[in-house]
Amino acid sequence: MPTSSEQAAEAGGTAATGGIGDRSLIEEFRANRGKVGGPFAGRDLLLLTTTAAVSGTSRTTVLDYVRRDGALTVLGSGTGTPDHPGWYRDLLAHPVVGVEIGTQGYQALAVPVRGPHDEGLLAASPARIPPAVVLERADPEVWEGRPREIRTLADKVMEVHTWLRGQLRQVKAETDAHFAARAAHRGPGEPPAPGLGLQIRQRCLAFCQALEFHHTSEDDHLFPGIARYHPDLGETFDRLRDEHRTVARIQNDLAVLLAGIGIADPEGFRSELHAMSAELNAHFDYEEETIVPLLTDVPWPPGPPADPSSAAPAALPVDTDTDTDVGAAD
C-alpha cells in the first residue's frame, strides 16, 4: 500500500521536488515548440514523461537540462529537501521514459549517474547532492541488425528479436567488463566497487520489462491468431509457452536482484544473466525457425479491417495488439 509521501509524489512534480508539473506550462511548451515565458523564459527545458512507481500511471514534468558529451542530463535538485523527486523514483522503477525537447519526441533509457564527477553539472545543494540522470535514446535510428524495411509481421518480429538480443548482449558485456576491471586491478588506488553500476541495473530492468510485454503479447494475441489457421502447430505453441515460463522465472530472479538501487549480489546477478542469455537465444532461434516463416505474407502495419462483403483475405489476419514499439515496451 503506498505511503502518504508516495501518494503525494504521484500527484506530479513541483519546483520543490526538482521539476514543474503545471499543466498550463506543459501546454505552453508544446504549443510554442519547446519555449515558455514568464520566470522560465530562456531556460533549457524539456518534458519528461515517466510511469509512476506506485500507480503505474503516466505523468509529465518540466525539467531543466544540460548537454554533456552529446547526451541530455536532468537533475532533481529537490531544493534542499531530504527526499528525491517523484519522477526520479519513477524512473528507478520504470527506466524507459518519454522525452520532448523543442519539437522532437522520443523514448529514452534513464540512467542515474553518481559520483564526484556529477557535481560539475550544477552546483550541489547544501543539503545533499542532487541526482543527475542521463537520458539515452532507447531506440536509435541506426542499430546493428535492424531490418531496413518493415513490410511484414515477420519483419516486425525479427526487429523486436534483434533489439532484444542486442540489449541483452549489451547488459552482459557491461557486466563482464565490470568483473574484468576488478580482476585486473593492480597497484595503488581502489578497485572498481563490488556492486554493479546503475547503468547495468537500468538497462537490465528495461530489458526485462520489454521482454515481459513482448512475450505476453505473443501468448495473448499472436499465437492464438496463428493457431486458428495452423491447428497442427499445437505442440510448437506449447513448447514456446513453456519456454516463456522458463524465461519468466529467470526474469523474476533478476527482478529480486534489481530491487535495490545497487545490485546486492553481483555474482548471482551475472549467473542469472548468463542463464537468461542461453535460454532466450535458444528460444528466439526456435521461434524464428517455426513461427516467423508463417508471417512473411502478413502485411505490417496491418491494413484497415476487411469489408465483410468482400472475399476472404489470403493473408493471415493478425490482432493489432501484437504491435510493440522497439526500445519501449517490446
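Whatever comes next refers back to the structure up there.
What you are looking at is a predicted structure, and each value in this text was computed from that prediction instead of being measured.

Q: I'd like a rundown of the overall build of the protein chain, residues and numbers included.
A: Across its full length, the protein chain carries seven helices and six strands. In the protein chain, the succession of α and β elements from N to C terminus is α-α-β-β-β-α-β-β-β-α-α-α-α. Taken across its 330 residues, the protein chain has 43% of its residues classed as buried. Considering only intrachain contacts with a sequence separation of at least 6, the fraction spanning at least 24 residues in the protein chain is 70%. Working note: accessible area of the protein chain is about 16,800 Å², and carbon and sulfur atoms make up 53% of it.

Q: Could you give me a rundown of helix H6 (residues 234-257), with the residues and numbers involved?
A: The terminal C-alpha atoms of H6, which comprises 24 residues, lie 35 Å apart, in line with the 34 Å expected from a rise of 1.5 Å per residue. Every buried residue belonging to H6 is among Thr236, Phe237, Leu240, Glu243, His244, Val247, Ile250, Gln251, Leu254 and Leu257, and all of these are buried. Buried residues belonging to H6 abut helix H5 (198-227) and helix H7 (266-290).

Q: Tell me what's going on with the packing of H5 against H7, and back it up with residues and numbers.
A: At their nearest, the axes of H5 and H7 sit 13 Å apart, and the two run at 30° to each other. Here the hand of the crossing between H5 and H7 comes out left-handed. Contacts between H5 and H7 involve Ile200, Cys204, Phe207, Leu211, His214, His215, Glu218 and Phe223 from the former and Phe269, Leu273, Met276, Leu280, His283, Phe284 and Glu287 from the latter. Looking at the contact of H5 with H7 residue by residue, the classes come out as 10 nonpolar, three polar and two charged.

Q: Report on the packing of H5 against H6, specifying residues and quantitative values.
A: One can describe the packing of H5 onto H6 by two numbers: an axis separation of 11 Å at closest approach and a directional angle of 160°. If you check the angle between H5 and H6, you find them roughly antiparallel. Crossing angle aside, the handedness with which H5 passes H6 is left-handed. Contacts between H5 and H6 pair Cys204, Cys208, Leu211, Glu212, His215, Glu218, Asp219, Phe223, Pro224, Ile226 and Ala227 from the former with Phe237, Leu240, Arg241, His244, Val247, Gln251 and Leu254 from the latter. In the contact of H5 with H6, the residues fall into 11 nonpolar, three polar and four charged.

Q: Give me the pairing of strand E1 (residues 45-51): which residues, what numbers.
A: In terms of burial, E1 is a largely internal element, five of the seven residues being buried. Sheet analysis places E1 next to strand E2 (residues 58-68), joined by seven bridges and oriented antiparallel. For Thr51, the partnering residue across the bridge sits in E2 and is Ser58.

Q: How would you summarise unusual backbone geometry if you had to cite specific residues and measurements?
A: Each neighbour pair has its own omega, and for Trp300 with Pro301 the value is 0°, a cis peptide bond. Along the chain, the position of Pro301 falls in the segment after H7. Positive phi values are uncommon outside glycine, yet Arg33 reaches one of about 55°. Mapping Arg33 onto the fold places it in the loop between helix H2 (23-31) and E1. Taking the relative accessible area as the measure of exposure, Arg33 reaches 60% and is therefore exposed.

Calculation criteria
- Residues numbered from 1 in each chain as written.
- Predicted model: local features only at pLDDT ≥ 70, side-chain atom pairs only at ≥ 80, totals over all residues.
- Heavy atoms only, no water.
- Helix = DSSP H or I, 4+ residues; strand = E, 2+ residues; numbered from the N terminus.
- Buried < 20%, exposed > 50% of the residue type's maximum accessible area, 1.4 Å probe, protein only.
- Contact = heavy atoms within 4.5 Å.
- Areas by Shrake-Rupley, 256 points an atom, 1.4 Å probe, with all protein chains shown as cover.
- Expected span 1.5 Å × (residues − 1).
- Axes fitted to C-alpha atoms, helices over the stretch in contact; angles between N-to-C directions.
- Left-handed = near helix turned anticlockwise from the far one by under 90°.
- Nonpolar A, V, L, I, M, F, W, Y, C, P; charged D, E, K, R; others polar.
- Parallel < 35°, antiparallel > 145°, perpendicular 65-115°, else oblique.
- Pairing = 2+ DSSP bridges.

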